[in-house]
Amino acid sequence: MAKPFQYHPLNLLLFFFFFLLFMVVVSIPDSDQLQSSQSHVLSEIQQLLNYPQVLSTWNQTTDFCNTEPNPSLTLVCYGGDLTQLHIISDNCWLPQTTMVPQSGFSSDSFFSTLSTLPSLKVLSLVCLGLWGPLPASIGRLSSLEILNMSSNYFSGPLPQELSSLSNLQTLILDHNNFTGRIPGWLVSLPLLAVLSLGNNSLSGPIPFSFTRMENLRVLLLSMNRLSGEVPNLQNLTNLQVLDVGYNELGPHFPKLLHTNLLILVLRKNKFSFGIPEEISSCYRLQQLDISSNGLTGPFLAQLLSLPSLSYLDISGNKFTGVLYGNTSCNARLAFVNLSSNYLTGELPRCLQSNSSTRVVQYTGNCLSQSSAQEQHPYSFCRIEALAVKITPHERERKSIKRSVLASSSVGGIFGGIALCVVLFLGMRKVYAKQTVKTPQARLIIEKVPPAYTMKMLSDARYISETMKLGALGLPPYRTFYLEELKEATSNFSSLNFIGEGSQGKVHKGILTDGTLVAIRSLKMRKRHGIQSYRHQIELISRLRHRHLVSFVGHSFECYPDDSSVSTTFLVQEFVPNGTLRSCISEVVSGHKFTWTQRIAAAIGVARGIQFLHTGIVPGVFSNDLKITDVLLDHELHVKINNYNLPLLAENRIQVCSGAVHTGPKERNTGTANGDKNDVYDMGIILLEIIVGRVIMCRSSITTAKDLLQVSLTTDDDVARRSIVDPAIHKECSDDSLKTVMEICVRCLSNEPTDRPTVEDVLWNLQFAAQVQDLWRVDSNSNQGSPFKSTE
């Protein structure tokens, strides 16, 4: 069976390279004669390279500008100047056992010689065994547009002098021994379209400055030692190829603009938080390789039908979900690898026959049909999928039980001490495994009044590097001074007043950089110094997630007599499109959410709650969430705007909202059942999403819940749809609706221990979304995307 062609990023890189090379060649006519001084330079280069075989034809009578070009050696002249020099070893693809230049070779002398060629636009020195650090003299090649020095032995960091090559469009340094971090100053190359640094020993994070490289088309960083999160690359509108395989990046999936994406390779990293649904709209995507990570969540079966996709590899992850025999596939698919996941159901019929034009691998799942590719029993995938979803709190409880049993043999004071030690270590181990670890660093403080500089520096010195870099496209978290906030709100004018709740007054503001914010002012009941709020500010600064209304900074107003805090100002991102209720049961905004949109919104709420519980340490529980606390951003994505933060809770003011508290009588503000309190609140939100009516009191919850239980018990499709919001009851599949109803009823259980975990809720909602999407495809539904409004 013939091996299918794989669209390796190197193939596209070579295409870009030779395309740019062609453009330069056709724009520069050959000259009859090279200047004698430049001919002498080429002779020096031959000598410095120790007379390699590829240059064996050069001698004193060589007419360099009229030599016949070949794949190993090409020279192009214009007006008596050398403009292109390509030297590629004949043995480029063979293992190199010796270096061409001898021990006396000096990279500095070599590039100093090259720098005397003032019009050189294209320089390719490939597989020549060049070694040593890349010298500063390379910065004197000011006319360079293309630089390719791959497959050599260059070492050390990339010299900053490269940043002076303002005309550079292509930089290829693959297969060398470069070390250190990828420099952020690469952003100063305004025309750079191709950056390839694969197969080196570069370490550290991908620079945040890469978010501004708007001309970048190809970014290849594979086979290094890179770590940390991939910065938000959504501003790179021209990006077509991203290959960061074989690193230690993660855990969040990279944020990309998918319109022009052709190749995405994330193979063998530490991505673990699932793939965004937007990937299924990459209609130009040709190769997707996300194998050998720890990605969780449902597999997006829509990927199989992407019109341009020819290579798909999701093997070695923890994807769940049900495959169906009637799932459609793109006819161009040449290679599909679904192996080593937790997939159930039936292999799509379009993938069931391997041929000379298509290879399909799916071993190590729990698919039902018998075949030559070994499958696990269904129970294996179910158990493993549940294991993936165990929350840190469940593990904590198991650890506590084991600790109690272990300590039962120890008496008195020593037994108590031993128990506390075991509990502490167990909890720390659990949180260490479940939390995204980011280095702790001091916060950069801008424009801080001198009187409070030292105190404000200390109140946020543990804020993480991720926050400094401005995750999620938000400004970096920082300390504001009061004059900035007054300017942003026109001195807290009543025209900018948004409202007042239990957590203080809120004003809309515009920062000097144009960022819209909401500024919450809290009158502090107790007098404490700024130092007292350090840990609370640290917690607030880390609350950044796509489904949370995130904080961008804070400011303290102090009493003049003792410098204790009188008012705290918390600066949040501004979310403009009202509440989730306005698109479900009130519909005052003109947006009536479809069933698909409602499931997507519920998934967003669940992910926000999950982050509050497990994304930071300590977690934030018992948040008293209501559907009116769920806001909608510009794209109608949901964001939770209510947290149970100590700084807010101890200064909470009582405001009558007219709503009856809907929580269960077992509710408490501690962490023992705090996660299950939030699950109960999630159930109320799901209830309103299903019935499409405002839920304001305990009796409404009980009545609607009873109706759901009866319809599920009798398994009556007609009864179920009679409960559902009439606006959407015809557009939801029965399996999807039933799944959401079942998890809603479980969330509303009176006993906290009977309620599901947040991970269970999220898994079921994702399953409901997948079932609904497949039903829409099968029924040829013309319903819009999950985030498009309907009139």
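What you see is a predicted model, and the numbers here were worked out from it, not measured in a lab.

Thoughts on the overall build of the protein
Right, on to step 1. Regarding its fold elements, the protein presents 17 helices and 30 strands.
Right, on to step 2. Every one of the 791 residues in the protein was classed for burial, and the buried ones make up 54%.
Right, on to step 3. For the protein, the share of sequence-separated contacts (at least 6 apart) that also reach a separation of at least 24 residues comes to 60%.
Right, on to step 4. Accessible surface, the protein as shown: approximately 34400 Å² in total, 54% of it carbon and sulfur.

A closer look at the packing of helix α14 (residues 698-714) against helix α16 (residues 734-747)
Right, on to step 1. The geometry of α14 relative to α16 is characterised by a closest axis approach of 10 Å and an angle of 130° between their N-to-C directions. Between α14 and α16, the interaxial angle falls into the category oblique. Crossing handedness for the pair α14 and α16: left-handed. Facing Lys705, Leu708, Gln709, Ser711 and Leu712 of α14, the residues of α16 in contact are Lys738, Met741, Glu742, Cys744 and Val745.
Right, on to step 2. Looking at the contact of α14 with α16 residue by residue, the classes come out as five nonpolar, two polar and three charged.

A word on the sheet that holds strand β25 (residues 504-510)
Sheet strands associate in pairs through backbone hydrogen bonding, adopting either a parallel or an antiparallel arrangement.
Right, on to step 1. With mixed pairing, the six strands of this open sheet are ordered in space as β23-β27-β28-β26-β25-β24. The open sheet has two free edges, formed respectively by β23 (478-479) and β24 (497-501), since each of these has just one partner strand.
Right, on to step 2. Of the strand pairs in this sheet, β24 and β25 are connected by four bridges, and their pairing is antiparallel. Across the sheet, the residue bridging to glutamate 500 is lysine 505, located in β25.

Here's the deal with unusual backbone geometry
Right, on to step 1. In the segment running from glycine 250 into proline 251, the intervening peptide bond is cis, with an omega of 10°.
Right, on to step 2. Here proline 251 is to be found in the loop between β14 (248-249) and β15 (263-265).
Right, on to step 3. Although it is not a glycine, histidine 175 sits at a positive phi angle of roughly 55°.
Right, on to step 4. Along the chain, histidine 175 turns up in the loop between β7 (170-172) and β8 (177-178).
Right, on to step 5. Residue histidine 175 is classed as partly exposed on the basis of its relative accessible area, which comes to 40%.
Right, on to step 6. A positive phi angle is found at lysine 268, which is not glycine, with a value near 55°.
Right, on to step 7. Structurally, lysine 268 can be placed in the loop between β15 and β16 (287-289).

Details of the sheet that holds strand β4 (residues 131-133)
Right, on to step 1. Spatially, the three strands line up as an open sheet ordered β4-β6-β8, and their pairing is parallel. In this open sheet, the two strands that pair with only one neighbour each are β4 and β8.
Right, on to step 2. With three bridges joining them, β4 and strand β6 (residues 153-156) adopt parallel strand pairing. Bridge assignment links proline 133 to a residue of β6, and that residue is serine 155.

Focus: the pattern of salt bridges
If charged atoms from side chains of opposite charge come close, those side chains can pair.
Right, on to step 1. Going through the model one piece at a time under the given rule, you end up with 14 salt bridges.
Right, on to step 2. For the salt bridge of glutamate 145 with lysine 121, the shortest nitrogen-to-oxygen distance reads 3.6 Å. Note that glutamate 145 is positioned in the loop between β4 and β5 (146-148) and lysine 121 in the loop between α3 (107-114) and β3 (122-126), a separation of 24 residues in sequence.
Right, on to step 3. Its salt-bridge partner being lysine 626, residue aspartate 624 comes within 3.3 Å of it at the nearest N-O pair.
Right, on to step 4. The exposure class assigned to lysine 626 is partly exposed, which follows from its relative accessible area of 31%.
Right, on to step 5. By sharing partners, the salt bridges in this structure join Lys592, Arg598 and Asp725 into a single network.

Let's talk about the environment of serine 209
Right, on to step 1. Mapped onto the fold, serine 209 is located in the loop between β10 (203-204) and β11 (218-220).
Right, on to step 2. Through-space distance from the C-alpha of serine 209 to that of leucine 186 is 8.3 Å; in sequence the pair is 23 residues apart.
Right, on to step 3. At 2.9 Å, the side chain of serine 209 and the backbone oxygen of glycine 184 are in polar contact.

Things to note about the side chain of serine 280
Right, on to step 1. By secondary structure assignment, the location of serine 280 is in the loop between β15 and β16.
Right, on to step 2. A relative accessible area of 16% places serine 280 in the buried class.
Right, on to step 3. A polar contact is formed between the side chain of serine 280 and the backbone oxygen of glutamate 277, at a distance of 2.6 Å.
Right, on to step 4. Setting aside chain neighbours within four positions, we find serine 280 in contact with Gln302, Leu303 and Leu306.

Regarding the packing of aromatic side chains
Right, on to step 1. The tally for this structure, following the rule as stated, stands at eleven aromatic pairs.
Right, on to step 2. Taken together, a centroid distance of 5.8 Å and an interplanar angle of 35° make the contact between tyrosine 533 and phenylalanine 556 tilted. Note that tyrosine 533 is positioned in the loop between β26 (516-523) and α10 (534-541) and phenylalanine 556 in strand β27 (residues 551-558), a separation of 23 residues in sequence. Here the two residues tyrosine 533 and phenylalanine 556 agree in accessibility, since each one is buried.
Right, on to step 3. Its end group placed over the ring of tryptophan 763, arginine 382 keeps NZ or CZ at 5.1 Å from the ring centre.
Right, on to step 4. Lying across the ring of tyrosine 559, arginine 527 places its NZ or CZ 3.7 Å from the centre.

Description of the environment of aspartate 681
Right, on to step 1. Of note, aspartate 681 is situated in helix α13 (residues 674-691).
Right, on to step 2. It is 8.1 Å that separates the C-alpha atoms of aspartate 681 and leucine 748, two residues lying 67 residues apart in sequence.

Observations regarding α13
Right, on to step 1. Here α13 spans 26 Å end to end across 18 residues, near enough to the 26 Å set by a 1.5 Å rise per residue.
Right, on to step 2. Buried residues dominate α13, accounting for 18 of its 18 residues.
Right, on to step 3. At the C-terminal side of α13, glycine 692 shows a positive phi close to 70°.

Details of the packing of α16 against helix α17 (residues 758-778)
Right, on to step 1. Their axes nearest at 8 Å, the elements α16 and α17 cross at an angle of 165°. Accordingly, the angle class assigned to the pair α16 and α17 is roughly antiparallel. Considering only the axes of α16 and α17, their crossing is left-handed. Residues Asp735, Ser736, Thr739, Val740, Ile743, Arg746 and Cys747 of α16 touch α17, and the partners they reach there are Asp760, Val761, Asn764, Leu765, Phe767, Ala768, Val771 and Gln772.
Right, on to step 2. For the contact of α16 with α17, the per-class residue count stands at eight nonpolar, four polar and three charged.

Observations regarding α17
Right, on to step 1. Between its first and last C-alpha, α17 extends 30 Å over 21 residues, near the 30 Å set by a 1.5 Å rise per residue.
Right, on to step 2. Taking burial as the measure, the 21 residues of α17 include 16 buried ones, the bulk of the element.

Calculation notes
Residues numbered from 1 in each chain as written. Predicted model: local features only at pLDDT ≥ 70, side-chain atom pairs only at ≥ 80, totals over all residues. Heavy atoms only, no water. Helix = DSSP H or I, 4+ residues; strand = E, 2+ residues; numbered from the N terminus. Buried < 20%, exposed > 50% of the residue type's maximum accessible area, 1.4 Å probe, protein only. Contact = heavy atoms within 4.5 Å. Areas by Shrake-Rupley, 256 points an atom, 1.4 Å probe, with all protein chains shown as cover. Axes fitted to C-alpha atoms, helices over the stretch in contact; angles between N-to-C directions. Parallel < 35°, antiparallel > 145°, perpendicular 65-115°, else oblique. Left-handed = near helix turned anticlockwise from the far one by under 90°. Nonpolar A, V, L, I, M, F, W, Y, C, P; charged D, E, K, R; others polar. Pairing = 2+ DSSP bridges. Salt bridge = Lys/Arg side-chain N within 4 Å of Asp/Glu carboxyl O. Polar contact = N/O pair within 3.5 Å; in protein donor to acceptor, adjacent residues only side chain to side chain. Phe/Tyr/Trp six-rings, centres within 6.5 Å; stacked < 30°, edge-to-face > 60°. Lys NZ or Arg CZ within 6 Å of the ring centre and 35° of its normal. Expected span 1.5 Å × (residues − 1).

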